[in-house]
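Observations on the three-dimensional arrangement
The residues making up each chain are set out below.
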Amino acid sequence: VEQHQPHTPAKRTPPPPSPHPRSACRCAPCGVVSQRVIHSSSSIMFQVHQEVDALMQQIPTYLEPQRVAKDAKDTLSTYPSLRPERGVFVSDDGSESTLLKLAGTMPMGYQGQTFNLPVTLWMVEMHPFSP
């Protein structure tokens, strides 16, 4: 006579965490890389924000300079491929103004692909009251 052994289910172990995205990874090499990237990014963004502050001191034409600086910094944080610059803007009537501009590339989607298009965004004197 055969004795029946009770069936014990095999222990299930959860799969190891995926190393991607790196921010979710807990392994030492990825953690070190993640921390370096975050530190490097925040350091670069801090420098870019300082550049905006320095440029704004050179451009006294704005009605709301704190708002212009804040909006420029927010845009640069969202699109790190842009850089702040001081430039001469020529209006349709031929008048010239020294303004803050954000120049670089912005990702644009088209037919399922992403293209980095060159752009220049001018922060006009009447910002945020005028487009």
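**Considerations on the overall build of the protein**
Along its length, the protein carries 2 helices and 3 strands. In the protein, the succession of α and β elements from N to C terminus is α-α-β-β-β. Residue burial in the protein is summarised as follows: out of 131 residues, 23% are buried. Within the protein, counting contacts between residues at least 6 apart in sequence, those at least 24 apart form 43% of the total.

**Here we look at the pattern of salt bridges**
In total, this model carries 4 salt bridges according to the counting rule given. Residue K73 is joined to D53 by a salt bridge in which the shortest nitrogen-to-oxygen separation is 2.7 Å. Within this pair, whereas K73 is found in helix α2 (residues 65-78), its partner D53 is found in helix α1 (residues 28-58), the two being separated by 20 residues in sequence. Judged by relative accessible area, which is 18%, K73 ranks as buried. Its relative accessible area of 34% is what places D53 among the partly exposed residues. In this structure, E85 and K101 form a salt bridge, with 3.6 Å as the shortest nitrogen-oxygen distance. Here K101 lies in strand β2 (residues 96-110) and E85 lies in strand β1 (residues 83-90), a separation of 16 residues in the sequence. By relative accessible area, which is 17% here, K101 ends up buried.

**Things to note about α2**
The end-to-end C-alpha distance of α2, which contains 14 residues, comes to 20 Å, matching closely the 20 Å that a straight helix rising 1.5 Å per residue would cover. Looking only at α2, the buried set comprises V68, A69, D71, A72, K73 and L76.

**Examining the pairing of strand β3 (residues 113-123)**
Both β2 and β3 contribute to a ladder of 11 bridges, which runs antiparallel. Across the sheet, M106 pairs through a bridge with L117, a residue of β3. The antiparallel pairing of β2 with β3 creates a hairpin that spans 2 residues between the two strands, and Q111 there sits at a positive phi of about 50°.

**Focus: the sheet that holds β1**
Reading across from one edge, β1-β2-β3 is the order of the 3 strands in this open sheet, with antiparallel pairing throughout. Every interior strand has two partners, whereas the edge strands, β1 and β3, have only one. Strand after strand, the sheet turns through a mean of 35° between neighbouring axes, direction not considered. Against the sheet, α2 touches β1, β2 and β3, its axis set at about 25° to β2.

**As for a nonpolar patch on the surface**
A cluster of nonpolar residues, M108, Y110, F115 and L117, forms a patch on the protein surface that exposes about 380 Å² of accessible area. Every element with two or more residues in the nonpolar patch is listed here: β2 and β3.

What counts, and at which threshold
Residues numbered from 1 in each chain as written. Predicted model: local features only at pLDDT ≥ 70, side-chain atom pairs only at ≥ 80, totals over all residues. Heavy atoms only, no water. Helix = DSSP H or I, 4+ residues; strand = E, 2+ residues; numbered from the N terminus. Buried < 20%, exposed > 50% of the residue type's maximum accessible area, 1.4 Å probe, protein only. Contact = heavy atoms within 4.5 Å. Salt bridge = Lys/Arg side-chain N within 4 Å of Asp/Glu carboxyl O. Expected span 1.5 Å × (residues − 1). Pairing = 2+ DSSP bridges. Axes fitted to C-alpha atoms, helices over the stretch in contact; angles between N-to-C directions. Patch = residues over 30% accessible without salt bridge, like charges linked within 9 Å, V, L, I, M, F, W, Y side chains within 5 Å. Areas by Shrake-Rupley, 256 points an atom, 1.4 Å probe, with all protein chains shown as cover.

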